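Structure at a glance
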Amino acid sequence: MAAQRSPLSRLFTVLLAGLLAGLALAVAALPGNLLVGFAARSALGSYAALPASLRTPATPQRSYLYANDGKTLITTFYDVNRTDVPLAEIAPVMRQAIVAAEDRRFYAHGGADLRGLGRAVVANVKGGGTEQGGSTLTMQYVRNVLKTDPARTDEERAAATDPTVGRKIQEIKYAGALEQSLGKDEILNRYLNIAYFGSGAYGIAAASQRYFGKLPAQLTLGESAMLAGLVQSPDAYSPIDGSKDDALARRSYVLDSMVATGAITAAQAVQAKAEPLTLHPTVQPNGCTAVTQGHDDWGYFCDYLRQWWLTQPAFGATVAEREQALRAGGYTVVTSLDPKIQATAQQQAAKVYSYDNKRALPIAAVQPGTGQVLAMAVNRHYSLADNPAGQANYPNTVNPLISGGASVNGYQAGSTFKLFTMLAALESGRTLSTGFDAPAKLPTRFVEQGPGTCDGHWCPANDNPDWMDGYRMMWDGFGRSVNTYFVWLAEQVGQDKVVEMAQRLGITFRARSDADFAKDDAANWGSFTLGVAATTPLDLANAYATVAAEGTYCTPVPVVSVTAANGAKVPVGQPSCKRVLDADVARAATDAARCPVGQQSAYGQCNGGTATSVTNILDGRPVAGKTGSSEQNSTETFVGFTPQVAVAGIAVNPDDPADSVGSAVQAKVIDAVARVIATAVKGQPEKTFVAPSRELAGDPRRPVERAPVVPDRPQNRDNDRRSLLERWLDDHRG
């Protein structure tokens, strides 16, 4: 209803007056109960013939995203800010106030109040004051549903408010049919859930939050009267966007009306009128850039969830339909985000690099055996706000720096990829005891020109020959991160088998050059084991989580449960897992991965590691992991895991891969990831890793292989060893 009506509306009133004035005068003297029956019979409609939207309301509602505790609100999504609530969750004084303000005879009429309509017709024809509409709550409900029905066309929705006699008669007809089939409380509940209260709030739940920051069950008498008064002219009376004085005047009117209906006493009305108008405006967050205040780091997880949502057929046949479902479907989404783990990850990322640093430490945490993403953090604000001059993507960005996608291909993760070589070798029948006399440099079959080559062949070297060279098995080769051992091992197994293993564990090649290598020439990707392919912390954490889960790969998933507006569980988000490795193979790889973090394998073969501080941070709890340094220390990586969690962090300059982060930051990355793991397992029972079989462990005393690889099939793979900068430029040209 509107406070002041247009000339077209006045013309409609005059036309309607001629039709209804006689009827109004005829029935004005009828007793109330006879009038109810008369109105119902004159409706000439049936419930079954009503539009579907009136029988089963399909009004848009906002969707809620919560953390994994089901209580911590991350954000909401909506086109229209509204949420349905049952009548029992609306304060009784609010129900009484809306009836007193909009339809005092609500419980006496049968949908169309002919007495009230007659009075409105006579008053409007005479003029001289504020016009009266004569619409009942039921008629208003009909109008609100039809003008917002998403199944109708724009023209049909506009027709729901046309100032025509035909439309008004149809409204009366529909209202009568509703009254014959629904109880008064059901109609009142539906009305309160769809009415517009101004300032972007549709329905009483949104209105009570918008104006007073509370649930509708908590509304006081004065607050209820104010909200009820807004419905007649929401924009004009809103104390936020309109006039506070008008809002107070309308509150007084509603309180007097409540006295007239007997809902409250005159003394209660006087007391409520004397109360100051105390507002607690609450802006409901909308989307990932509007996450709960003070937690803009949650935006990266929110964006990942949204991208996941758009791939789920359960929410619609097309991306557009799925987007609309998120924004209007009224879903309750309990995500997998763990607030405590997220807080630690964010704290640690910002501890290594500040928000204003061009370098970043994206961190991801995944739960083995479910694939649930527990945390996604980086020292950036998830925000569309402008950055200082010369700072393209920091401190504010919405780029998916942790999960990849869009323009983010990922980052080189160095020796963490040696895991895939070890797994491929174990799967092929080799044992953890496979030995090789690792030289300082290893000539390979790949032709390459330039400094550091061996007779025209690519010749990888060990970073610390004194500590790395010599007889190595998988245990200490992995623990000390011996390049020449793993390049040799990859040659024995076949680089294509190593690449396939990485893909099997979820490594996605987003960079064009990486995807081409994997598809067309994986067998000649000699440097793959050294981690030259771009990856993301999320992919890397989930790959290591597969090993932690003893060979069970689970697709990363950002939700625990999704509930529709009607309370039904949506069948999405359940762990989607499959076995991709023999359990004993995974256990053997884990046994070797105990070496880098300063722990001992089940067979006592660890003798040095690159991340030995991890064990102290975790107070000796069983843990495994691997460090990784890319060429010229352009990135520094650490992945750690227990049976309960896997966490990966990569120090990098996301905008300039030629900017070396330097080796000094590696210790900080290790510390950061270890502390995230510590938070994740705090309070959980300590779980041990299952030892691999003696068959896969092998015999450490067997003869060592000493022969270097002979270049038997020269291959000109110049771009196999291209610099990170050259590869990045290739992928971004055009």
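Here the structure is a predicted model, which means the values were calculated and not measured.

1. Some details on the sheet that holds strand 16 (residues 624–629)
Taking strand neighbours across the sheet as the criterion, the five strands line up as 5-4-18-17-16 in an open arrangement whose pairing is antiparallel. Looking at which strands have only one partner, the edges of the open sheet turn out to be strand 5 (373–377) and strand 16. Pairs of neighbouring strands in the sheet enclose a mean axial angle of 5°, with direction left out of account.

2. Quick word on the sheet that holds strand 2 (residues 73–77)
Taken together, the four strands give an open sheet; going across it, the order is 2-1-3-14, and neighbouring strands pair in mixed fashion. Edge positions in the open sheet fall to strand 2 and strand 14 (559–563), since each of these has one partner strand only. With direction set aside, neighbouring strand axes in the sheet form an average angle of 15°. Inspection of the sheet shows strand 1 (residues 63–66) paired to strand 2 by four bridges, in the antiparallel sense.

3. Description of the confidence of the model for the protein chain
Residues at a pLDDT of 70 or more form 86% of the protein chain, whose mean pLDDT is 87. Across residues 1–44, where pLDDT falls below 50, the model places 66 contacts with residues more than four positions away in sequence or in other chains. For the stretch residues 128–132, pLDDT sits under 50, and the model shows ten contacts to residues farther than four places along the chain or on other chains.

4. What to know about the pairing of strand 3 (residues 332–335)
Sheet analysis places strand 1 next to strand 3, joined by three bridges and oriented parallel. Among the inter-strand pairings, Tyr 64 is bridged to a residue of strand 3, identified as Thr 332. Two strands pair when backbone bridges link them, and strand 3 and strand 14 are joined in this way by four bridges, in the antiparallel orientation. Bridge pairing in strand 14 places Thr 335 opposite Val 559.

5. Side note on the state of the cysteines
Inspection of the entire model under this criterion finds four disulfides. Note on cysteine connectivity: Cys 554 is disulfide-linked to Cys 577, with sulfurs 2.1 Å apart. Taking the torsion about the sulfur-sulfur bond, which here is approximately 105°, the covalent link between Cys 554 and Cys 577 counts as right-handed. With Cys 554 in strand 13 (residues 552–554) and Cys 577 in strand 15 (residues 577–579), this residue pair connects regions lying 23 residues apart in the sequence. Classification of Cys 554 by relative accessible area gives buried; the value is 2%. Among the residues examined, Cys 577 registers a relative accessible area of 35% and is labelled partly exposed. With cysteine numbering restricted to those in disulfides and following the sequence, the protein chain has the pairing 1-2, 3-4, 5-6, 7-8.

What counts as what
Residues numbered from 1 in each chain as written. Predicted model: local features only at pLDDT ≥ 70, side-chain atom pairs only at ≥ 80, totals over all residues. Heavy atoms only, no water. Pairing = 2+ DSSP bridges. Helix = DSSP H or I, 4+ residues; strand = E, 2+ residues; numbered from the N terminus. Axes fitted to C-alpha atoms, helices over the stretch in contact; angles between N-to-C directions. pLDDT = per-residue confidence, 0-100. Contact = heavy atoms within 4.5 Å. Disulfide = S-S within 2.5 Å. Buried < 20%, exposed > 50% of the residue type's maximum accessible area, 1.4 Å probe, protein only.

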